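Chain by chain, the residues run as shown.
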Amino acid sequence: MSTRIVKYDNDILGLDQGMVRAFLILGKEQALLLDAGVERDPGFPELIRQATDLPVSLCLSHSDMDHIANAGDFDRIFILSSEKKRLLAQKPELSDRLIEIDEGYEFDLGGRKLSSIHCPGHTPGSLALLEEERSLLLSGDTVSYGPVYMFGKGRDDKAYLETLVRLEEMYESGAFQSIYPCHNSCPIDCQAITELIECIKGIMDGSLSGVPTSMRDQEGRRVLEYHVGKSGIYHI
Ligand SMILES: [Zn+2]
């Protein structure tokens, strides 16, 4: 597996591993890497060194295995406190490098500031990064054309709906205009949030029907794919 660099607007680089991407956000004094890929790539640190000579810290949008594979390459790893336990269950060796943060933590990269938003639902301590000055949201897995995985341990439909409604309100109040997700198309607009709200509501109240996929959950139950517009959710 090799990682490919993709250039986006706003001094953001994507570290693309096919099914998932991490983001390298470049400030004037520091760079912040959001997530660390799905597969171990020994070339990961070198790729980052070629992209920037700024000091780089890692921030994890959440602890699903497709976002943490190369986390061990970094000395400082920011994570929401509500996600720490879940990460350490998979990678206990990272414990002494974790820096626990909460909602509203500000990353000052020199010339640009991003703040953390707690987005429970996909996982308990899912995080998004908001950069108000550039009107952008790095949404992790909370918002994408996915489909978003909402089955298995740690998922919470009600919390996810509340998070999406909050993000839609933030969008409507002008906090951001474009969204940089870790999966599928990038960047995307707020339509995805509106569609995901309708989708998770339809799953919760039973008004939406899903199409069977080839996936099964840990208990052997068939995973269904639900769709509204371009957005989708995998759910039991
Ligand atoms: Zn993911």
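Higher on the page you've got the structure.
Read on for a plain summary of the structure.

## Some words on the packing of helix H3 (residues 157-172) against helix H4 (residues 191-205)
Relative orientation and spacing of two packed helices are given, respectively, by the angle between their axes and the distance between those axes. Two elements in contact, H3 and H4, have axes whose closest approach is 9 Å; the angle formed by their N-to-C orientations is 155°. Taken together, the axis directions place H3 and H4 in an arrangement best described as roughly antiparallel. The element H3 and its partner H4 pack so that their crossing is left-handed. Residues Asp157, Lys158, Tyr160, Leu161, Leu164, Val165, Leu167 and Glu168 of H3 touch H4, and the partners they reach there are Ile193, Thr194, Leu196, Ile197, Ile200, Lys201 and Met204. Here the residues of the contact of H3 with H4 are counted per class, giving ten nonpolar, one polar and four charged.

## Points about the layout of surface pockets
Taken as a whole, the largest pocket spans an internal volume of roughly 650 Å³. Lining the largest pocket are 24 residues; nearest its centre among them are Asp64, Met65, Arg86, Phe151 and Arg155. The set of elements that each furnish at least two residues to the lining of the largest pocket consists of helix H2 (84-90) and strand S12 (148-149). The dominant element in the lining of the largest pocket, judged by the number of residues it contributes, is H2, at three residues. A class-by-class count of the residues in the lining of the largest pocket yields eight nonpolar, nine polar and seven charged.

## Details of the environment of arginine 76
Here arginine 76 is to be found in the loop between strand S5 (56-59) and strand S6 (77-80). Through-space distance from the C-alpha of arginine 76 to that of leucine 98 is 6.3 Å; in sequence the pair is 22 residues apart. With near-sequence residues (within four places) excluded, arginine 76 lies in contact with Ser57, Leu58, Arg97 and Ile99. At a separation of 3.5 Å, a polar atom in the side chain of arginine 76 contacts the side chain of serine 57.

## Notes on the coordination of the zinc ion
Within the protein, the zinc ion binds to Asp66 (OD), His67 (NE2), Asp141 (OD) and His183 (NE2); these donor distances fall in the range 2.0 to 2.2 Å. Metal-centred angles of 88 to 163° between the four donor atoms at the zinc ion mark the site as irregular. When the donors of the zinc ion are listed by position in the chain, the intervening gaps give D-H-x73-D-x41-H. A residue pair is termed long-range when its members are at least 10 positions apart, and aspartate 66 in the loop between S5 and S6 and aspartate 141 in the loop between strand S11 (136-140) and S12 qualify at 75 residues. Summarising the burial analysis for this pair, aspartate 66 and aspartate 141 share the class buried.

## Structural notes on the packing of aromatic side chains
All chains considered together, the criterion is met by nine aromatic pairs. Summarising the aromatic geometry, the rings of tyrosine 8 and tyrosine 180 are spaced 5.9 Å apart at their centres and angled 80° between planes, so their arrangement reads as edge-to-face. Placement of tyrosine 8 in strand S1 (residues 4-8) and of tyrosine 180 in strand S13 (residues 178-181) is noted, with a sequence separation of 172 residues between them. A relative accessible area of 2% places tyrosine 180 in the buried class. Centroid distance phenylalanine 23 to tyrosine 180: 6.0 Å. Interplanar angle 75°. Geometry classified as edge-to-face.

Definitions and limits used
- Residues numbered from 1 in each chain as written.
- Predicted model: local features only at pLDDT ≥ 70, side-chain atom pairs only at ≥ 80, totals over all residues.
- Heavy atoms only, no water.
- Axes fitted to C-alpha atoms, helices over the stretch in contact; angles between N-to-C directions.
- Helix = DSSP H or I, 4+ residues; strand = E, 2+ residues; numbered from the N terminus.
- Parallel < 35°, antiparallel > 145°, perpendicular 65-115°, else oblique.
- Left-handed = near helix turned anticlockwise from the far one by under 90°.
- Contact = heavy atoms within 4.5 Å.
- Nonpolar A, V, L, I, M, F, W, Y, C, P; charged D, E, K, R; others polar.
- 1 Å grid on protein atoms, 1.4 Å probe; cavity = no way out; pocket = protein on both sides within 12 Å on 5 of 7 lines; lining within 4 Å.
- Points joined across faces, edges and corners; volume = space filled by probe spheres on them.
- Polar contact = N/O pair within 3.5 Å; in protein donor to acceptor, adjacent residues only side chain to side chain.
- Donors = N, O, S within 2.8 Å, 3.2 Å for Na, K, Ca; no water.
- Tetrahedral: all angles 85-135°; square planar, octahedral: opposite > 155°, others 65-115°.
- Buried < 20%, exposed > 50% of the residue type's maximum accessible area, 1.4 Å probe, protein only.
- Phe/Tyr/Trp six-rings, centres within 6.5 Å; stacked < 30°, edge-to-face > 60°.

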